[in-house]
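Now for the letters of each chain:
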Amino acid sequence: MFFSDKNINLEIPQVMGILNVTHDSFSDGGEIFLESGKLLIDKALKRTELMHQSGATFIDVGGESTRPGAIKISTEEEMNRVIPLVEKIRKNIDVIVSIDTSSPEVMLEGAKVGAGLINDVRALQRPGAIEAVRKTQLPVCLMHMQGEPATMQVAPNYSSLINEILQFLEKRISACTKAGIDRDQIIIDPGFGFGKTHEDNIELLGRLAAFKTLKLPLLIGLSRKSMLGLITGKSTERRLAAGISAAVIGLMQGVNIVRTHDVAETIDALKVYLAVKNNELKFDLST
Ligand code: 8Y7
């Protein structure tokens, strides 16, 4: 798969670092990159540089908080938060910038300033989003969510969790390919915490291998999420070990991209996983 002219072999799992440019971020690594609505661009660039040096292949830049109950912002506001930063990163750092957005306008502008991936938690369901991605020719990550961020955690409900997520992703993949997006430009994500109960999230983590049947790269994001807090009883800033453990459980089932706040630590976990996996004579990790 090609991102910003880089050919990335996703058979070797990669790490995506998170850069939240939101007021009310659920967690942003303890740093704030927006002050009184103003983008702290140099601070955000430093954080990006650090994640890049730690081994992140992708930096996921997001301007709209999707935390449960978050306040909506205008497209203009989202644009002001994200576009200048993507441009600045691309001019200074040789890293693939992913834009976490559902807005077709932001997708198109982001592509113009050098974004290499579109990450949409709404799986291109907004009017114009599929067409925007097709125009940009960028790879896209389609994530599953039941409902909308404002209400998704009110009463998540599935009769068959894994099948429903699989069916949703299949539908979105087919909507994309029908509209002219290449299937090999698509990454899938079951969307931990997005319209799912605690039990749903745990079941999902144990059954990630089911998504490999779609034969597309699989991305997961569990970093600091509430399911880790519910399991361990720890607050957001103390969920590192839990997040690493969850990432490894994912890697062992064939996950290709891990989205995280904690790049350096996740890279170490990945190295341990790869060392064992590559020693195939002794171990079968069946991926
Ligand atoms: C995910 C995500 C968030 C995720 C993908 C947070 C933007 C909440 N989570 N994108 N975004 N997958 N693809 O805690 O799990 O980071 S926001």
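Up top is the structure.
Residues numbered from 1 in each chain as written. Predicted model: local features only at pLDDT ≥ 70, side-chain atom pairs only at ≥ 80, totals over all residues. Heavy atoms only, no water.

Draft legend 1. Broad picture of the pairing of strand 3 (residues 14-20). Among the seven residues that make up strand 3, seven are buried, leaving the element largely enclosed by the rest of the structure. Side chains Gln14, Met16, Ile18 and Asn20 project from strand 3 onto one buried face, and the interleaved Val15, Gly17 and Leu19 project onto a second face that is buried too. As paired elements, strand 3 and strand 12 (residues 257-260) share four bridges and run parallel to each other. What sits directly across from Gln14, in strand 12, is Ile257. Two strands pair when backbone bridges link them, and strand 3 and strand 6 (residues 58-62) are joined in this way by five bridges, in the parallel orientation. Pairing of Ile18 across the sheet is with Asp60, part of strand 6. (Buried < 20%, exposed > 50% of the residue type's maximum accessible area, 1.4 Å probe, protein only. Helix = DSSP H or I, 4+ residues; strand = E, 2+ residues; numbered from the N terminus. Pairing = 2+ DSSP bridges.)

Draft legend 2. Helix 2 (residues 75-92), seen in detail. Along its 18 residues, helix 2 runs 26 Å from first to last C-alpha, staying within 8% of the 26 Å computed at 1.5 Å per residue. Within the span of helix 2, buried status applies to Glu78, Arg81, Val82, Ile83, Leu85, Val86 and Ile89. (Expected span 1.5 Å × (residues − 1).)

Draft legend 3. Quick peek at helix 5 (residues 161-178). Between its terminal C-alpha atoms helix 5 stretches 26 Å, which fits the 26 Å expected from 18 residues at 1.5 Å a residue. In this structure, the buried side of helix 5 is in contact with helix 4 (129-136), strand 9 (140-143), strand 10 (186-189) and helix 6 (198-206). One or two positions beyond helix 5, positive phi appears at Gly180, with a value near 105°. (Contact = heavy atoms within 4.5 Å.)

Draft legend 4. Broad picture of the pattern of salt bridges. The final tally for this structure, using the stated rule, is 11 salt bridges. One salt bridge in this structure joins Glu203 and Arg207, with 3.2 Å as the shortest N-O distance. A relative accessible area of 32% places Glu203 in the partly exposed class. Through salt bridges with shared partners, one network takes in Glu64, Arg122 and Glu148. (Salt bridge = Lys/Arg side-chain N within 4 Å of Asp/Glu carboxyl O.)

Draft legend 5. Focus on the site of the ligand. Surrounding the ligand, one finds 13 residues, the nearest of these being Asp100, Asn119, Asp189, Lys225 and Arg259. Between the ligand and Lys225, the relevant distance is 2.7 Å, taken from an oxygen atom to a side-chain nitrogen or oxygen of the residue. Coverage of the ligand by the protein amounts to 93% of the 410 Å² it exposes when considered alone. Listed by contribution, the elements that provide at least two residues to the shell around the ligand are strand 9 and strand 11 (219-221). (Near = heavy atom within 4 Å. Polar contact = N/O pair within 3.5 Å; in protein donor to acceptor, adjacent residues only side chain to side chain. Areas by Shrake-Rupley, 256 points an atom, 1.4 Å probe, with all protein chains shown as cover.)

Draft legend 6. Molecular detail of the packing of helix 8 (residues 240-251) against helix 9 (residues 263-278). One way to put it is that helix 8 packs onto helix 9 with a least axis distance of 10 Å and a crossing angle of 35°. Helix 9 is crossed by helix 8, and the crossing has right-handed handedness. Facing Leu240, Ile244, Val248 and Leu251 of helix 8, the residues of helix 9 in contact are Glu265, Thr266, Ala269, Leu270 and Tyr273. (Axes fitted to C-alpha atoms, helices over the stretch in contact; angles between N-to-C directions. Left-handed = near helix turned anticlockwise from the far one by under 90°.)

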